[in-house]
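# Chains, contacts and geometry: an overview
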Amino acid sequence: MSKNSFIIGAPSSGSGKTMITLGLLRALHRRGLHVQPFKCGPDYIDPMYHTLAAQRESVNLDPYMATANHLREVYSRYSASADVAPIEGVMGLLDGYCRDNGSTAELSRLLNRPVIMVVDARSAAYSVAAQLYGFRHFGQGVNIVGVIFNRVASPSHYAFLKQAALDAGTEPLGYLPRNNDFIAPSRHLGLSTEAVASFNPIVEKLADAVTKHIDLNRLLELTACESPLTYTPQKRLENKGWRIAVARDEAFNFIYRANLDRLQESGSLSFFSPLRDATLPDADLIYLPGGYPEFFLEPLEKNVSLRREMQCRAENGGRILAECGGMMYLCRAIRSSEGKTFEMCGILPTEASMEDMRLRLGYREIRTDDGFSIRGHEFHYSHLTEELPSAVRQISARGEETATGLYRYKNVIAGYTHLYWGECNPLSLFEETDGKDIYTKR
């Protein structure tokens, strides 16, 4: 287990968790420490920046999509060789899908790890005492060991905040000064290695500020944690020798690390680019994850050879699993927000449109008639122009049935939900129904 473990929480979204997390990751990395970052929740973008800052791939930990045992195992496995294992929280400390279920606070309790609070102080001073006191006493079972203030105007401003924290019983660890250069990374920058790398100068400035204004030595003293987590090792999947090809480029890059680990138990992984590769790898399963295909419509359309090979693979019973952006790629076409149509693979008899964009999001649980279930997360702005019949029911985190579908044509399974199969067997979807056109007919 890592020498230092802690969670970075905040009263609300927009408090500066990501910026301070990135500064801490790089500052600790500069010290020569092996830093293993994690992200609470289903988000794909923040982990890309964590990886940049820490020079080590960030891993998602989601209390809704995974069981407590699985979370402890994943956290233990990836932090085992690290000196420091910080976890960036999600939203406000107590914000979950139902009360604090699925929240940063719940993850803190499940992993028994302390919390460092990040408080936006740009329009506050001594009043933060009441805020900190409330979180310390309302969030039962959450061990808040310190606070870092963000957007602080001056050393004298910090003096007021420091006294407020002490009076609330929370140790002040320092602050990040107000700086217009410290802007959160764009949600659309996480499209390529080059785009993420362009944010590196800001990460460097954040690390400079963290080193100057935050007591890193005290932070490490407060978060020292040698106690291992208790969990039951997960049974590995049988290695059936499957060759699994995963799309990964600027257009398709929303991939949970635990999903790749699980797939690799069944065989071998290779990667390809629908933007650049002219042919598909020779594989038993093609996995098309989500991403931002809507920003790469012209190059996707121009790669005719790969689109035709994908369609041929589907018609001949090849196994294809596609999520969100990957599903959009399998449609007849994708319409841009301006209404221009770009041809895609033509496997699903509908179009995905970015016109009249409306956000659809939330946790989902897929349930099949034969008892198989898997959880995931839906997040997209596009919609299908022609609805297709779904083979399964999808249930929200509140237990309500949703209109989100999962579609099948031959051995193609596709839908908007980003699935998390870190502790189930996704291949069972194919093994039990190979060749049966049961989900949707064209």
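Residues numbered from 1 in each chain as written. Predicted model: local features only at pLDDT ≥ 70, side-chain atom pairs only at ≥ 80, totals over all residues. Heavy atoms only, no water.

### Considerations on the overall build of the protein
- Regarding its fold elements, the protein presents 14 helices and 23 strands.
- Computed over C-alpha atoms, the radius of gyration of the protein comes to 23 Å, within 12% of the 22 Å expected from 2.2 N^0.38 for 442 residues, which places it in the range of a compact globule.
- Reported as C-alpha extents along the three principal axes, the dimensions of the protein are approximately 70 × 45 × 40 Å.
- Burial statistics for the protein: of 442 residues in total, 59% are counted as buried.
- Here the protein displays about 18000 Å² of accessible surface, and carbon together with sulfur accounts for 48% of that area.
- Between the averaged position of the 49 positive side-chain charges in the protein and that of its 52 negative side-chain charges there is a distance of 2 Å. (Helix = DSSP H or I, 4+ residues; strand = E, 2+ residues; numbered from the N terminus. Rg over C-alpha atoms; globule rule 2.2 N^0.38 Å. Buried < 20%, exposed > 50% of the residue type's maximum accessible area, 1.4 Å probe, protein only. Areas by Shrake-Rupley, 256 points an atom, 1.4 Å probe, with all protein chains shown as cover. Lys, Arg positive; Asp, Glu negative; His and termini not counted. Charge placed at Lys NZ, Arg CZ, Asp CG, Glu CD.)

### Structural notes on the packing of aromatic side chains
- According to the stated counting rule, one finds 15 aromatic pairs in the structure shown.
- Ring plane angle 65 degrees and centroid distance 5.6 Å describe the contact between Tyr256 and Tyr420, whose orientation is recorded as edge-to-face. Linking Tyr256 in the loop between strand S9 (252-254) and helix H10 (257-265) with Tyr420 in strand S23 (residues 418-420), this pair joins segments that are 164 residues apart in sequence. Residues Tyr256 and Tyr420 agree in their burial class; the two are buried.
- Connected via pairs of aromatic rings, a cluster forms that spans Tyr44, Phe254, Tyr256, Tyr292, Phe295 and Tyr420.
- Cation over ring: Arg248 sits above Phe271, and NZ or CZ is 3.7 Å from the ring centre.
- Lying across the ring of Tyr64, Arg375 places its NZ or CZ 4.2 Å from the centre. (Phe/Tyr/Trp six-rings, centres within 6.5 Å; stacked < 30°, edge-to-face > 60°. Lys NZ or Arg CZ within 6 Å of the ring centre and 35° of its normal.)

### As for the environment of Gly96
- Mapped onto the secondary structure, Gly96 falls in the loop between strand S4 (84-88) and helix H4 (104-111).
- In this structure Gly96 comes out as partly exposed when scored by relative accessible area, which is 30%.
- Distance in space between the C-alpha atoms of Gly96 and Asp282 is 42 Å, their sequence separation being 186 residues.
- Leaving out residues up to four positions away in the same chain, Gly96 has contacts with Asn101, Gly102 and Ser103. (Contact = heavy atoms within 4.5 Å.)

### Some thoughts on the nonpolar core
- Ranked by internal contacts, the top residues of the largest apolar core, which has 85 residues, are Leu61, Ile87, Leu93 and Phe149.
- Counting residues per element, this core draws most heavily on helix H1 (residues 17-30), which supplies seven residues.
- In contact with Leu61, other than residues within four places in its own chain, are Phe38, Lys39, Cys40, Gly41, Leu71, Val74, Tyr75, Ile87, Leu107 and Leu111.
- Judged by nonpolar contacts, the second largest core, of 39 residues, contains Met327, Tyr329, Ile334 and Ala414. (Core = buried A, V, L, I, M, F, W, Y, C linked by side-chain atoms within 4.5 Å.)

### Structural notes on unusual backbone geometry
- For Met91, which is not glycine, the phi torsion reads 50 degrees and is therefore positive.
- Locating Met91 in the fold gives a position in the loop between S4 and H4.
- A positive phi angle is found at Arg151, which is not glycine, with a value near 55 degrees.

### Re the side chain of His418
- Of note, His418 is situated in strand S23.
- At 3.5 Å, the side chain of His418 forms a polar contact with the side chain of Tyr44.
- Those residues in contact with His418 that lie beyond four places of it in its chain are Tyr44, Phe254, Gly290, Glu323, Cys324, Arg375, Gly376, His377 and Phe379. (Polar contact = N/O pair within 3.5 Å; in protein donor to acceptor, adjacent residues only side chain to side chain.)

### Focus: the confidence of the model for the protein
- Per-residue pLDDT for the protein averages 93, and the proportion of residues at 70 or more is 95%.
- The model gives residues 434-442 a pLDDT under 50, and that stretch makes 28 contacts with residues more than four places away or in other chains. (pLDDT = per-residue confidence, 0-100.)

### Comments concerning the sheet that holds strand S3 (residues 59-61)
- One open sheet holds the seven strands; their spatial order is S3-S2-S4-S1-S5-S6-S7, and the pairing between them is parallel. On the outer flanks of this sheet lie S3 and strand S7 (172-177), each paired with one strand and no other. Direction aside, neighbouring strands of the sheet carry axes that sit 25 degrees apart on average.
- Summarising the sheet, strand S6 (residues 144-152) and S7 pair through five bridges and their orientation is parallel. Paired with Asn150 across the two strands is Leu176, which belongs to S7. (Pairing = 2+ DSSP bridges. Axes fitted to C-alpha atoms, helices over the stretch in contact; angles between N-to-C directions.)

### Description of helix H12 (residues 304-315)
- In this model H12 runs 17 Å from its N-terminal to its C-terminal C-alpha over twelve residues, within 8% of the 16 Å that 1.5 Å per residue would give.
- For H12, the complete set of buried residues consists of Leu306, Arg307, Met310, Arg313 and Ala314. Each buried residue of H12 lies within a common arc of 125 degrees when the element is viewed along its axis, so the set occupies one face.
- Once H12 ends, the next one or two residues include Gly317, with phi positive near 85 degrees. (Expected span 1.5 Å × (residues − 1). Arc of directions from axis to C-beta.)

### A word on the state of the cysteines
- Under the definition given, this model contains zero disulfides.
- The thiol of Cys98 is unpaired, and the distance to the nearest cysteine sulfur, on Cys40, comes to 16 Å.
- We classify Cys98 as partly exposed; its relative accessible area is 28%.
- Note on Cys345: no disulfide assigned, nearest cysteine sulfur contributed by Cys331 at a separation of 9.3 Å.
- The buried category is assigned to Cys345, whose relative accessible area is 3%. (Disulfide = S-S within 2.5 Å.)

### Comments concerning the pairing of strand S17 (residues 360-367)
- As defined by bridge partners, S17 adjoins strand S18 (residues 373-380) across eight bridges and the pair is classed as antiparallel. Within the sheet, the bridge partner assigned to Arg360 lies in S18 and is His380.
- Between S17 and the antiparallel strand that follows it, S18, lie five residues; Gly371 among them carries a positive phi value of about 95 degrees.
- Pairing of S17 with strand S20 (residues 393-396), which is carried by four bridges, proceeds in the antiparallel orientation. In the sheet register, Arg367 faces S20, and the bridge partner there is Arg393.

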